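Reading the structure
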Amino acid sequence: MRLGKVIGTVWAERKVPELKGCRLLVVQPVNASAKNAGKVLVAADPAMLSGVGDKVVFVTSTDATQVFPGIAPVNAAIVELVDSVV
Amino acid sequence: MRLGKVIGTVWAERKVPELKGCRLLVVQPVNASAKNAGKVLVAADPAMLSGVGDKVVFVTSTDATQVFPGIAPVNAAIVELVDSVV
Amino acid sequence: MRLGKVIGTVWAERKVPELKGCRLLVVQPVNASAKNAGKVLVAADPAMLSGVGDKVVFVTSTDATQVFPGIAPVNAAIVELVDSVV
Amino acid sequence: MRLGKVIGTVWAERKVPELKGCRLLVVQPVNASAKNAGKVLVAADPAMLSGVGDKVVFVTSTDATQVFPGIAPVNAAIVELVDSVV
Amino acid sequence: MRLGKVIGTVWAERKVPELKGCRLLVVQPVNASAKNAGKVLVAADPAMLSGVGDKVVFVTSTDATQVFPGIAPVNAAIVELVDSVV
């Protein structure tokens, strides 16, 4: 898992059927001091926890699919809206 | 998942049987401003969503296999043709 | 698996249900000489082995879920509190 | 999946039983212009598609095991012998 | 899979139960010319193939668990003791 900041939303008409209705956000990974750290990625937000500007914890890899009821071709998902890191 | 741009198509005569008939595209990962960000990779496009020049969302790791009806030795697949990122 | 140093704790009110009650720590990966090596990440500590300042071995990827009784959307977990590396 | 060039063969007497009789090749990842791009890795070639000097598509992660009849502790495998990239 | 050199052993009293009795080694990844290439990691050596100073092939990701009789929270394991690379 990593800390990240939500910086955008992806809009797409054509997609694989499994992603219909699934919100995809653009996330900038950050370090403990909220400085950019690593490449921008696209994460799903199935629990609708966050929006542009929010600091989040996201999970990558197959584990990301575990926040979906069924299986999905998704490998990054937002799992916590961060209040603070101490 | 990452944002990427399709920059080429792979042609190959000899391949493992599971990949017969599967189109493989060469993809350059990009950031939110469409600048190159990361190493070029090879992704399958089983839903035939895209061609050279298109901007896409691709998924990597085992999750890529979830857009295939059976299992396949594939670890990157195109899942959305991007209209815009806002 | 990697060597790391615990440098913080994540506090979050809103989270996916699977992470209720699960302690998430901020971990700085280090090399064999305890120098910083790689990007800060967030790891679960389900066995309550460590706190801020401790040196640990953490596991990433789906394997991290194997220290949980059920499945969980977690891809990094602390598995050993390091005494020494020789 | 990535594009790569085969640059060597691994010889080993002592190995885990699952790898007896499995040819391991040393592969240099390359970009679309065949320039070196990323760290050298070791990949299995179960379909005997390639030899030193060949350009290939290889798959990494658990997906690599899907080209083996049983399971195997392998996380990179050659899946196509590349003719051209256009 | 990657080529690596064993550079140390991890000693730890407190650990998750699944790792009791499992030897963990500190491994420096190397390239085909045995030069350091990439970050130091911790790998299990369940087949007791190697010791400090040895050159090895190690596997990472979930595949590492396939050299264990049961499941284990391990994502790197040594699978071959390298004699030579040609």
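Details of the structure are given in the entry above.
Residues numbered from 1 in each chain as written. Chains lettered and ligands numbered in written order. Predicted model: local features only at pLDDT ≥ 70, side-chain atom pairs only at ≥ 80, totals over all residues. Heavy atoms only, no water.

Bringing the overall build of chain A into the picture now. Looking only at helices and strands, chain A has zero helices and seven strands in total. Overall, chain A shows an N-to-C arrangement of helices and strands of β-β-β-β-β-β-β. Counting all 86 residues of chain A, 59% fall into the buried class. Long-range contacts, defined as pairs at least 24 residues apart, comprise 50% of the intrachain contacts of chain A with a sequence gap of at least 6. Carbon and sulfur atoms form 54% of the exposed surface of chain A, whose accessible area is close to 3300 Å². (Helix = DSSP H or I, 4+ residues; strand = E, 2+ residues; numbered from the N terminus. Buried < 20%, exposed > 50% of the residue type's maximum accessible area, 1.4 Å probe, protein only. Contact = heavy atoms within 4.5 Å. Areas by Shrake-Rupley, 256 points an atom, 1.4 Å probe, with all protein chains shown as cover.)

Rotating chain A by 72 degrees and translating it 0.0 Å along the rotation axis places it on chain B, where the RMSD comes to 0.0 Å. Read as a symmetry element, the transformation amounts to a five-fold axis. Comparing interface residues between copies, only 7% of those in chain A also sit at the interface in chain B, which points to a heterologous contact through distinct surfaces. (Least-squares fit on C-alpha atoms with pLDDT ≥ 70 in both.)

This part covers the pairing of strand β3 (residues 24–30) of chain D. Residues and elements named next belong to chain D. Within β3, seven of the seven residues are buried, which leaves the element mostly enclosed by the surrounding structure. Residues of β3 alternate between two faces, with L24, V26, Q28 and V30 on one and L25, V27 and P29 on the opposite face, all of them buried. Relative to β3, strand β1 (residues 2–11) runs antiparallel, the two being bridged by six bridges. Counted as the bridge partner of G4 is P29 from β3. Pairing of β3 with strand β4 (residues 41–44) involves four bridges; the strand directions are antiparallel. When the bridges of β4 are listed, L25 appears paired with A43. (Pairing = 2+ DSSP bridges.)

Our focus in this paragraph is the interface of chain A and chain B. Across the contact, 29 residues belong to chain A and 27 residues belong to chain B. At the boundary of chain A with chain B, total buried surface from both sides reaches about 2300 Å², with 57% on carbon and sulfur atoms. The interface formed by chain A and chain B contains one salt bridge. Note that E80 of chain B and K15 of chain A form a salt bridge whose closest N and O atoms lie 3.4 Å from each other. The tally of links from chain A across to chain B stands at 11 residue pairs in polar contact (both at pLDDT 80 or more). The set of elements that each furnish at least two residues to the side of chain A that touches chain B consists of β1 (2–11), β2 (14–15), β3 (24–30) and β4 (41–44) of chain A. Per element, the largest residue contribution to the side of chain A that touches chain B is five residues, and it comes from β1 of chain A. (Buried area = accessible area lost by both parts, 1.4 Å probe. Salt bridge = Lys/Arg side-chain N within 4 Å of Asp/Glu carboxyl O. Polar contact = N/O pair within 3.5 Å; in protein donor to acceptor, adjacent residues only side chain to side chain.)

Facing the 27 residues of chain D at the interface are 29 residues of chain B. Here chain D and chain B share an interface that buries about 2300 Å² over both sides, 57% of which is from carbon and sulfur atoms. Linking chain D with chain B are one salt bridge. Connecting chain D to chain B are 11 residue pairs in polar contact (both at pLDDT 80 or more). Those elements that provide at least two residues to the side of chain D that touches chain B are β1, β5 (55–60), β6 (76–81) and β7 (84–85) of chain D. Here the side of chain D that touches chain B takes four residues from β6 of chain D, the largest share from any one element. For the side of chain D that touches chain B, the class distribution of residues is 16 nonpolar, seven polar and four charged. (Nonpolar A, V, L, I, M, F, W, Y, C, P; charged D, E, K, R; others polar.)

Once turned by 72 degrees and shifted 0.0 Å along the axis, chain D lies on chain B with an RMSD of 0.0 Å. In this assembly, only 7% of the residues forming the interface of chain D have copies in chain B that are likewise at the interface, indicating a heterologous arrangement.

Moving on, we get to the environment of S33 of chain A. For S33 of chain A, the location among the structural elements is in the loop between β3 and β4. Put simply, S33 of chain A and N75 of chain A are 42 residues apart on the chain and 25 Å apart in space, counted from C-alpha to C-alpha.

All names here are of chain D. Scanning the model with the defined rule gives 10 salt bridges over all chains in all. The partner of D45 in a salt bridge is R23, and the shortest N-O contact between them spans 3.1 Å. With D45 in the loop between β4 and β5 and R23 in the loop between β2 (14–15) and β3, this pair connects stretches of sequence that are 22 residues apart. R23 sits in the partly exposed class, given a relative accessible area of 29%.

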